[in-house]
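Read off the chains here:
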Amino acid sequence: MRLIAFQGVAFLQDRPIKILLVESDEGYRDELEAGLSVSHAGVIEIEWVGELSQALARLTQGGLDAVLLSLDLPDSQGMVTFDRTHAFAPDVPILVVADAADEEAAVSTVQGGAQDYLVKSEAGPSLIVRSVRHAIERHRLFSALRSLSLIDDLTGLYNRRGFADLGEQYLKLARRSGRGVTMVYVDLDRFKTINDSLGHHVGDRALLKVSDILRATFRRSDIIARLGGDEFGVLALEAADESSETLVERLRERVDDFNDSSPEPYQLSISIGMAHHDDDPRVRLEDLVAEADAAMYREKHSKRASALRER
């Protein structure tokens, strides 16, 4: 990975624009660097990686304003390259750079969420810098508008509509990449009792704490939502380094840790249901939600039955 800075005209922001170039062609990288240096296109920092796995690792660190992405890399080729990058970091604008014009690929990537599709031979340094600046501003505006309708006001998680919209894209990514997907449905037990006995402000704190625990448990690339009231959903792509069962066990452990150390006048208890499907084009998002919801209610019913037997 290399870091190069170029000085030039002022941008809309008071710090360098940080771009991640994901490109295996070192010749193109050198050409782009040289062109930017000569033209003094702007205050800009470029980091370079040659593989998608390296790009995803860098994206986890944050601090990037945009990604220039080649679709053909040593470890990933075609549309799945864009899909994986976009799903991993939906908050970072992505511009695709291609060796040749391909109208079908251009339409597909832009429809999928790319800010632009640039052909290397036609996009000089000045055009790239201008495209990046416009992409950042468009992405900010689009994100602000989307957040008005897709984000839960209390928790800052996605709401049911946001979960539905992004979940469909997530399933498409799972199919294209041949990876399994897990739906986790979480219900906060005895939420009505907390609200009625301690007040709605305490109930809101309980919901916020569940939200924080979910964020800490699942990956940044997973879709986490408050589906309504005291119910939450997580859609997670299968990962080689950990199973969905491991994630759920970690979730339960974090709830226990909270209960052991929290000064709050309540104990958190959650019921969890899971649905897992491998690469199956017939599976719909609503099917996964319904299956996980049913599993969650079975666990909740089991808890109630056990409580009655203990009385």
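The preceding data block contains the structure.
First, a word on what this report is: a plain description of the structure on this page. Residue numbers run consecutively from 1 along every chain, following the written order of its sequence. It should be noted that, the model being predicted, local features are given only for residues of pLDDT at least 70 and side-chain atom pairs only at 80 or more, the latter also being counted only at that level, while totals for whole chains, interfaces and linings use all residues. Based on all heavy atoms of the structure, the side-chain values leave hydrogens and waters out of the count.

Looking at the overall build of the protein
Working step 1: Along its length, the protein carries ten helices and twelve strands.
Working step 2: Oriented by its inertia axes, the alpha-carbon framework of the protein measures out at about 80 × 40 × 30 Å.
Working step 3: Exposure categories follow from relative accessible area, calculated using a 1.4 Å probe and restricted to protein chains: below 20% of the type maximum is buried, above 50% is exposed, and the middle band is partly exposed. A total of 311 residues make up the protein; the buried ones form 49% of that total.
Working step 4: Only heavy atoms enter the contact rule, under which two residues are in contact if any of them lie within 4.5 Å. For the protein, long-range pairs separated by at least 24 residues make up 72% of all intrachain contacts whose partners lie at least 6 apart in sequence.
Working step 5: Throughout, the Shrake-Rupley method with a 1.4 Å probe supplies accessible areas, and for residues the shown protein chains are the sole cover considered. In the form shown here, the protein has an accessible surface area of approximately 15,400 Å², with 51% of it arising from carbon and sulfur atoms.
Working step 6: Only four residue types enter the tally: Lys and Arg on the positive side, Asp and Glu on the negative side, with His and both chain ends excluded. Where a charge sits is defined by one atom per residue type, namely NZ (Lys), CZ (Arg), CG (Asp) or CD (Glu). Averaged over its 37 positive side-chain charges, the protein has a centre that lies 5 Å from the centre of its 53 negative ones. Going along the chain from the N terminus, every DSSP run of H or I of four or more residues is numbered as a helix, and every run of E of two or more is numbered as a strand.

Focus on a negative patch on the surface
Working step 1: Patches draw on residues past 30% relative accessible area with no salt bridge. Two like charges within 9 Å are joined, as are two nonpolar side chains (Val, Leu, Ile, Met, Phe, Trp, Tyr) within 5 Å. Salt bridges are defined by distance alone: a side-chain nitrogen of Lys or Arg within 4 Å of a carboxyl oxygen of Asp or Glu. Taken together, Glu 249, Glu 253, Asp 256, Asp 257 and Asp 260 make up a surface patch of like negative charges.
Working step 2: With respect to the helices and strands, the residue Asp 260 is situated in helix α9 (residues 244–261).

Points about the sheet that holds strand β11 (residues 231–237)
Sheet strands pair via backbone hydrogen bonds, and the direction of the pair is either parallel or antiparallel.
Working step 1: Taken together, four strands build an open sheet; the order of strands is β10-β11-β9-β12 and the sheet is antiparallel. Among the strands making up the open sheet, the edge pair consists of β10 (223–228) and β12 (270–277). Between one strand axis and the next, the sheet turns by 20° as a mean value, whatever way the strands run.
Working step 2: Two strands qualify as a pair provided that DSSP identifies no fewer than 2 bridges between them. The pairing of strand β9 (residues 181–188) with β12 spans eight bridges and is antiparallel. Note that in β12 the partner of Thr 182 across the bridge is His 276.
Working step 3: Fitting a line to C-alpha atoms yields each axis, with helices limited to the stretch in contact; the angle taken between N-to-C directions then spans 0 to 180 degrees. Against the sheet, helix α8 (residues 200–217) makes contact with β9, β10 and β11, and its axis sits at roughly 10° relative to β11, the strand it touches most.
Working step 4: Seen against the sheet, helix α10 (residues 285–310) touches β9, β11 and β12 and runs at an angle of roughly 145° to β12.

Overview of helix α7 (residues 191–198)
Working step 1: Within α7, the full set of buried residues consists of Phe 191, Ile 194 and Asn 195. Here the buried residues of α7 occupy an arc of 95° about the axis, which is enough to place them on one side. Seen from the open side of α7, the exposed residues pointing more than 90 degrees away from its buried face are Lys 192, Asp 196 and Ser 197.
Working step 2: Buried residues in α7 make contact with β9 and α8.
Working step 3: Among the residues trailing α7, Gly 199 stands out with phi positive, at a value near 105°. By construction, the arc corresponds to the directions joining the helix axis to the C-beta atoms.

Points about the environment of Glu 137
Working step 1: Structurally, the position occupied by Glu 137 is in helix α5 (residues 125–150).
Working step 2: Relative accessible area serves as the criterion here: at 32%, Glu 137 is assigned to the partly exposed category.
Working step 3: Residues Glu 137 and Pro 93, spaced 44 residues apart in sequence, show a C-alpha to C-alpha distance of 9.3 Å.

Overview of the pairing of strand β2 (residues 17–22)
Working step 1: With five of six residues buried, β2 lies mostly within the body of the structure.
Working step 2: Sheet topology places β2 next to strand β3 (residues 44–49); six bridges connect them, and they run parallel. Along β3, the bridge assignment pairs Val 22 with Val 49.
Working step 3: In terms of strand pairing, β2 meets strand β4 (residues 66–69) through four bridges, oriented parallel. Across the sheet, the residue bridging to Leu 20 is Val 67, located in β4.

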